[in-house]
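If you want the building blocks of each chain, they are given just below.
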Amino acid sequence: MIKDILFYFLSLIAIIASIYIIFQKDPIKSAIAMFTVFFATALIYMLLGLYFIGAIQLIIYSGSIIVIFVIAMNSMSISKKFDFNILNFKNIFIFITVATFLTALSYFFIELYKWNAENIFDMKTFAGILFSNYLLHFELISLLLLVSVVIAYLFAKRGIDELR
Amino acid sequence: MNSDNLLILSFILFISAISIFLTHKNLLMILMSLELGLNSANIALINFSFIKQSLEPMVWVFILFAIAACEAVIGLSILIMILRNFKTLKVDEIKDLKEI
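Bear in mind the structure is a predicted one, so any value in this text is a computation, not a measurement.

Conventions and cut-offs
- Residues numbered from 1 in each chain as written.
- Chains lettered and ligands numbered in written order.
- Predicted model: local features only at pLDDT ≥ 70, side-chain atom pairs only at ≥ 80, totals over all residues.
- Heavy atoms only, no water.
- Helix = DSSP H or I, 4+ residues; strand = E, 2+ residues; numbered from the N terminus.
- Expected span 1.5 Å × (residues − 1).
- Contact = heavy atoms within 4.5 Å.
- Salt bridge = Lys/Arg side-chain N within 4 Å of Asp/Glu carboxyl O.
- Polar contact = N/O pair within 3.5 Å; in protein donor to acceptor, adjacent residues only side chain to side chain.
- Nonpolar A, V, L, I, M, F, W, Y, C, P; charged D, E, K, R; others polar.
- Phe/Tyr/Trp six-rings, centres within 6.5 Å; stacked < 30°, edge-to-face > 60°.
- pLDDT = per-residue confidence, 0-100.
- Core = buried A, V, L, I, M, F, W, Y, C linked by side-chain atoms within 4.5 Å.
- Buried < 20%, exposed > 50% of the residue type's maximum accessible area, 1.4 Å probe, protein only.
- Arc of directions from axis to C-beta.
- Axes fitted to C-alpha atoms, helices over the stretch in contact; angles between N-to-C directions.
- Parallel < 35°, antiparallel > 145°, perpendicular 65-115°, else oblique.
- Patch = residues over 30% accessible without salt bridge, like charges linked within 9 Å, V, L, I, M, F, W, Y side chains within 5 Å.
- Areas by Shrake-Rupley, 256 points an atom, 1.4 Å probe, with all protein chains shown as cover.

(A) Here's a closer look at helix 3 (residues 56–86) of chain B. Over its 31 residues, helix 3 of chain B extends 44 Å from the first C-alpha to the last, a length consistent with the 45 Å expected when each residue adds 1.5 Å. Positive backbone phi, approximately 60°, marks Lys87(B), located one or two places after helix 3 of chain B.

What follows is the structure in structure tokens.
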């Protein structure tokens, strides 16, 4: 019962914060709202018993990605004056179309699957699956991280060379 | 709290991510909406893990975390290069391809 109330409360916080981003002009404020969404999602994971996934969500999403965004916004210094108008006809039409399509899709998925609520997360089994069946994917992740580090270094180096 | 609520939360977050992607004109907000979409995909994958009583969707959640981090890093470095070359981040004003 208390878990139900907590789940609905956290979901409401996440939904309100994500709708707040649509109407927000300032990137810093929308980064804070994005942090709220990620934090509420991590709390929902922990509520479901997935403590490892919740901790990883806290560390990576709300810990590193939002901080990277805020630092980049500060270095760009563009936190003012975008012209943005949500209430013209084209934006409302796009919003209603996408919302109707995805609601129909979600109803289809809900009718298709039923959920059995019991905690299934086991760290030992998880590591066994990750390092046996998905070993190639794991190695590809390490390659992807290396490539992203090299790309970020090259872009930053070109910027420094232009400044000299 | 059952399957319906978790999946509905995922779809509402994805709807707002797509709305941010289609309505905003700042490239930084578009990149942030991609992060929000990946987050809603994580929620849906965890729901499927509960449905199938299996841990394999959790592995894909783990992979999506790394992909989201790499995408943020590469996207932000590209945005800084665009800002340095075009002096703006609005989508309407970035039209040339040959100046880079």
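(B) Quick peek at the interface of chain A and chain B. In this complex, chain A contributes 77 residues to the contact, which on the side of chain B involves 68 residues. Counting the contacts that link chain A with chain B gives zero salt bridges. At the boundary of chain A with chain B, the tally comes to eight residue pairs in polar contact (both at pLDDT 80 or more). Broken down by secondary-structure element, the contributors of at least two residues to the side of chain A that touches chain B are helix 1 (2–22), helix 2 (27–47), helix 3 (51–76), helix 4 (89–112), helix 5 (123–132) and helix 6 (135–163) of chain A. Counting residues per element, the side of chain A that touches chain B draws most heavily on helix 3 of chain A, at 13 residues. The residue inventory of the side of chain A that touches chain B, partitioned by class, reads 53 nonpolar, 16 polar and eight charged.

(C) Broad picture of the environment of Asp96(B). Note that Asp96(B) resides in the segment after helix 3. Measuring from C-alpha to C-alpha, the distance between Asp96(B) and Ile51(B) comes to 48 Å, with 45 residues separating the pair along the chain.

(D) The packing of aromatic side chains, seen in detail. For the structure on display, the rule yields nine aromatic pairs over all chains. An aromatic cluster is built from Phe38(A), Tyr61(A) and Phe65(B), whose rings are joined through pairwise contacts.

(E) Seen up close, the confidence of the model for chain B. Residue and element names in this part refer to chain B. Put simply, chain B has an average pLDDT of 87, and 93% of its residues get 70 or more. Across chain B, the element-wise mean pLDDT spans from 88 in helix 3 up to 91 in helix 2 (residues 27–52). Complex prediction metrics read pTM 0.80 and ipTM 0.90.

(F) Quick look at the nonpolar core. Among the nonpolar cores identified, the biggest contains 65 residues, and Ile53(A), Phe69(A), Met76(A), Ile46(B), Met58(B), Leu76(B) and Leu79(B) are the most heavily contacted of them. Only helix 1, helix 2, helix 3 and helix 5 of chain A together with helix 1 (3–23), helix 2 and helix 3 of chain B provide two or more residues apiece to this core. If one sorts the elements of this core by residue count, helix 3 of chain B sits on top with 14 residues. Residues within four places of Met76(A) in sequence aside, it is in contact with Leu28(B), Leu76(B), Leu79(B), Ile80(B), Leu83(B) and Leu89(B).

(G) Molecular detail of the confidence of the model for chain A. Residue and element names in this part refer to chain A. The predicted model of chain A has a mean per-residue pLDDT of 79, with 80% of residues at 70 or higher. Here helix 4 stands out as the least confident element of chain A, with mean pLDDT 70; helix 2 is the most confident, with 88. Scored below 50 in pLDDT, residues 113–118 shows 15 contacts in the model against residues more than four places distant or in partner chains.

(H) The arrangement of helix 5 of chain A in detail. Those residues of helix 5 of chain A that fall on the buried side of the exposure criterion are Phe126(A), Ile129(A) and Leu130(A). Projection of helix 5 of chain A onto a plane perpendicular to its axis shows the buried side chains occupying an angular sector of 100°, all on one side.

(I) Here's a closer look at the packing of helix 2 of chain B against helix 3 of chain B. Residue and element names in this part refer to chain B. Running from N to C, helix 2 and helix 3 point in directions that differ by 180°, and their axes come no closer than 10 Å. Between helix 2 and helix 3, the crossing angle belongs to the class labelled roughly antiparallel. Of the residues belonging to the contact of helix 2 with helix 3, the class tally is 20 nonpolar, three polar and two charged.

(J) A look at the environment of Ile19(A). Positionally, Ile19(A) belongs in helix 1. Sequence separation of Ile19(A) and Ile53(A) is 34 residues, and the distance between their C-alpha atoms is 25 Å.

(K) Representation of the pattern of salt bridges in the model. Residues and elements named next belong to chain B. For the structure on display, the rule yields one salt bridge over all chains. For the salt bridge of lysine 25 with aspartate 92, the shortest nitrogen-to-oxygen distance reads 3.4 Å. On the criterion of sequence distance, the pair formed by lysine 25 in the loop between helix 1 and helix 2 and aspartate 92 in the segment after helix 3 is long-range, its members being 67 residues apart.

(L) Structural detail: the packing of helix 3 of chain A against helix 2 of chain B. Close contact between helix 3 of chain A and helix 2 of chain B brings their axes to 12 Å; oriented N to C, the two are set at 175°. Here helix 3 of chain A lies roughly antiparallel to helix 2 of chain B, going by the angle between them. Contacts between helix 3 of chain A and helix 2 of chain B involve Ile53(A), Gln57(A), Tyr61(A), Ile65(A), Phe69(A), Met73(A) and Met76(A) on the former and, on the latter, Leu28(B), Leu31(B), Met32(B), Glu35(B), Leu38(B), Asn39(B), Asn42(B) and Ile46(B). A breakdown of the residues in the contact of helix 3 of chain A with helix 2 of chain B according to their chemical character gives eleven nonpolar, three polar and one charged.

(M) Representation of a nonpolar patch on the surface within the structure. A cluster of nonpolar side chains, Leu136(A), Leu140(A), Leu143(A), Leu146(A), Val147(A), Val150(A), Tyr153(A) and Leu154(A), forms an exposed patch at the surface whose accessible area comes to about 790 Å². Overall, the relative accessible area of 53% leaves Tyr153(A) in the exposed class.

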